[in-house]
Amino acid sequence: MFRVLEQMKLDLANFQLQMLKPHLHATSVEYEREKFQQLLESKHSDLSATRSWLMKAVAEKCGGLQQQVDKKQIMSLALAKLLFWTDEEDYPETWHLDVHRLQNLQFELHCLAALCACVTVAASSPLGQPLKTDKVLLEQLKNDLWCVISGSRHRGLRDVAANVAEQLKAILLQWRRNHQLPLPCATDVSSLFQLVEMTLSAPQHPVLQLLLSRLRLMVEEAVYMNVKVSDVHTPPGLLLCSTEVLGVVTAFLHLVQRNRQVFGPTYSALLEDTTK
């Protein structure tokens, strides 16, 4: 009897919360907007970092040419670039409360791209040919390499490059033993190790940069179209980590949606000034 009453109370409370949810959401947006305005006024900020962020997006889209500006495209590009931020730049003031969340998503997405780049490079070598056909091997490699690559948060990919290459080499050699295939020559093994290590240690490695550029275009499209991530196709070369990539992008789009609800009017005003 008492259990039934307690359950009824919980159901009633949940129902009331659901009814209040739209009101609470609208109120929280206004509250956050007011608090941000008070913070700006107290610090006498002119939103210089936010202006710079939007101006760079305008310059990249327009290429310095006098042409009609599609503000929706500009905003989509600017937002997508947040997932590929560099430490040298200041984050827009409108994103300061979400910097930690952004950095976590940035790190995870970069690691996923790095993992896929390593597998792509390895598959192009004689020793890595089984990666093109053996899905079980691919899944094992993905899980094992992720443990190493995702542990680079405070070290950097360059510092774990040798460990990743060694792990990948060991897995592929063991696969050949399990299938009773002859072991490759030392030259092929050394070549594979060097290819994978260079993928993570070389600045601006072309394969990794290509995958990152494809990811940015994917994110930009998702922001621009305002569609579910499930409706966006994972770019070529990243299908191995498709589920994880879509998970990161989904989390990012949730941040974007909330941020635009709060700061949409601010962005519109700044873009109006920037594109005059």
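Everything discussed here concerns the structure shown above.
So, a few notes on the structure that sits alongside this text. (Residues numbered from 1 in each chain as written. Predicted model: local features only at pLDDT ≥ 70, side-chain atom pairs only at ≥ 80, totals over all residues. Heavy atoms only, no water.)

### Details of the layout of surface pockets
Looking at the largest pocket, its volume works out to about 1,200 Å³. Lining the largest pocket are 33 residues, and of these F84, W85, T86, H110 and L212 lie nearest its centre. A total of six residues in the lining of the largest pocket trace back to one element, the largest contributor, which is helix α4 (residues 99–123). Residues of the lining of the largest pocket, tallied by class, amount to 13 nonpolar, twelve polar and eight charged. (1 Å grid on protein atoms, 1.4 Å probe; cavity = no way out; pocket = protein on both sides within 12 Å on 5 of 7 lines; lining within 4 Å. Points joined across faces, edges and corners; volume = space filled by probe spheres on them. Helix = DSSP H or I, 4+ residues; strand = E, 2+ residues; numbered from the N terminus. Nonpolar A, V, L, I, M, F, W, Y, C, P; charged D, E, K, R; others polar.)

### Details of the nonpolar core
Of all hydrophobic cores here, the largest spans 78 residues; its most connected members are W53, W95, L131 and F252. Contributions of two or more residues to this core are made by α2 (48–62), α3 (71–81), α4, α5 (135–149), α6 (157–178), α7 (186–201), α8 (206–225) and α9 (242–274). Of the residues forming this core, the biggest block, 15 residues, is contributed by α4. Beyond its immediate sequence surroundings of up to four residues, W95 is in contact with W53, L79, L82, L102, L255, V256, N259 and Y267. (Core = buried A, V, L, I, M, F, W, Y, C linked by side-chain atoms within 4.5 Å. Buried < 20%, exposed > 50% of the residue type's maximum accessible area, 1.4 Å probe, protein only. Contact = heavy atoms within 4.5 Å.)

### Some remarks on the packing of aromatic side chains
Following the criterion strictly, the structure yields three aromatic pairs and no others. Considering the side-chain rings of W85 and Y91, the 5.1 Å spacing of their centres and the 15° angle between planes classify their relative orientation as stacked. Y91 matches W85 in its accessibility class, with the two residues each being buried. Each residue in the set W53, F263 and Y267 is aromatic and connected to the rest through ring pairs, giving one cluster. Geometry around Y224 places K72 over its ring, the cationic atom sitting 4.6 Å from the centre. One residue, R153, lies across the ring of F107, its end atom 4.8 Å from the ring centre. (Phe/Tyr/Trp six-rings, centres within 6.5 Å; stacked < 30°, edge-to-face > 60°. Lys NZ or Arg CZ within 6 Å of the ring centre and 35° of its normal.)

### Thoughts on the pattern of salt bridges
Here the structure, examined in full by the defined rule, presents nine salt bridges. The partner of E244 in a salt bridge is K142, and the shortest N-O contact between them spans 3.0 Å. Placement of the pair is E244 in helix α9 and K142 in helix α5, with a sequence separation of 102 residues. Linking K169 and E166 is a salt bridge whose minimum nitrogen-to-oxygen distance equals 3.3 Å. Residue K169 and its partner E166 are located together in helix α6, separated by three residues, close to a single helical turn. Judged by its relative accessible area of 37%, E166 is partly exposed. One salt-bridge network, in which partners are shared between bridges, spans E60, K81 and R216. (Salt bridge = Lys/Arg side-chain N within 4 Å of Asp/Glu carboxyl O.)

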